[in-house]
Amino acid sequence: MMIDRRLVKRLQALKAGERLRLPARYSAEMNVRNLLAAAGAQTWDLVQYIDAQKRSRWIVGRVGP
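Our subject in this report is the structure included herewith. Note that residues are indexed from 1 along each chain, following the sequence as it is written. Where local features are concerned, this predicted model is filtered to residues with pLDDT of at least 70; where side-chain atom pairs are given and counted, the filter is 80 or more; whole-chain, interface and lining totals use all residues. Water and hydrogen atoms play no part in the side-chain values, which are based on all heavy atoms of the structure.

1. A short note on the pairing of strand E3 (residues 56–63)
- A pair of strands counts as paired when DSSP detects no fewer than two bridges linking them. To qualify as a helix, a DSSP run of H or I must reach at least 4 residues; to qualify as a strand, a run of E must reach at least 2; elements of each kind are numbered from the N terminus. Strand direction decides the pairing type here: strand E1 (residues 19–21) and E3, joined by 3 bridges, are antiparallel. When the bridges of E3 are listed, Leu-20 appears paired with Val-60.
- Two elements, strand E2 (residues 43–50) and E3, share 8 bridges in a ladder whose sense is antiparallel. Paired with Asp-45 across the bridge in E3 is Gly-61.
- The antiparallel hairpin formed by E2 and E3 contains 5 residues in its connecting segment, where Lys-54 sits at a positive phi of about 65°.

Below you can see the structure in the form of structure tokens.
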């Protein structure tokens, strides 16, 4: 899967305490981890949300400076 550079820039622009819900195409944990690796060595809070239809979504939050 190709990494979306616009999404990487949005992640890099997050301030401490802010969160971003990732698009549905980032439903596999490996894709999410690759995206975070492309965004750089920062501390992330990663939460998996599974809805009533058993679809997986991810919420990423920035922790620290």
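From this point, things continue past the structure.
2. Some details on the sheet that holds E2
- Taking strand neighbours across the sheet as the criterion, the 3 strands line up as E1-E3-E2 in an open arrangement whose pairing is antiparallel. The open sheet has two edge strands, E1 and E2, and neither has a second partner. Going from strand to strand, the sheet's axes swing by 20° on average, the running direction of each strand aside.
- Here, two residues are considered to be in contact whenever any of their heavy atoms come within 4.5 Å of each other. Every angle, taken between N-to-C directions, lies between 0 and 180 degrees, and every axis is a line fitted to C-alpha atoms, over only the stretch in contact when it is a helix. Those strands touched by helix H1 (residues 5–13) are E1, E2 and E3, and its axis lies near 155° from that of E1.

3. Section: helix H2 (residues 29–39)
- To sort residues, take the accessible area from a 1.4 Å probe on protein chains only and compare it with the maximum for the residue type: under 20% means buried, over 50% means exposed, and anything in between is partly exposed. Those residues of H2 not exposed but buried are Asn-31, Val-32, Leu-35, Leu-36 and Ala-39. One face of H2 carries all of its buried residues, which in axial projection span an arc of 135°. Summarising the geometry of H2, the exposed residues directed more than 90 degrees from the buried face are Met-30 and Ala-37.
- Buried residues belonging to H2 abut H1, E2 and E3.
- A positive backbone phi angle near 115° is found at Gly-40, which sits one or two residues after H2. The arc in question is formed by the directions pointing from the helix axis toward the C-beta atoms.

None of the figures reported here should be taken as evidence of function without further support.
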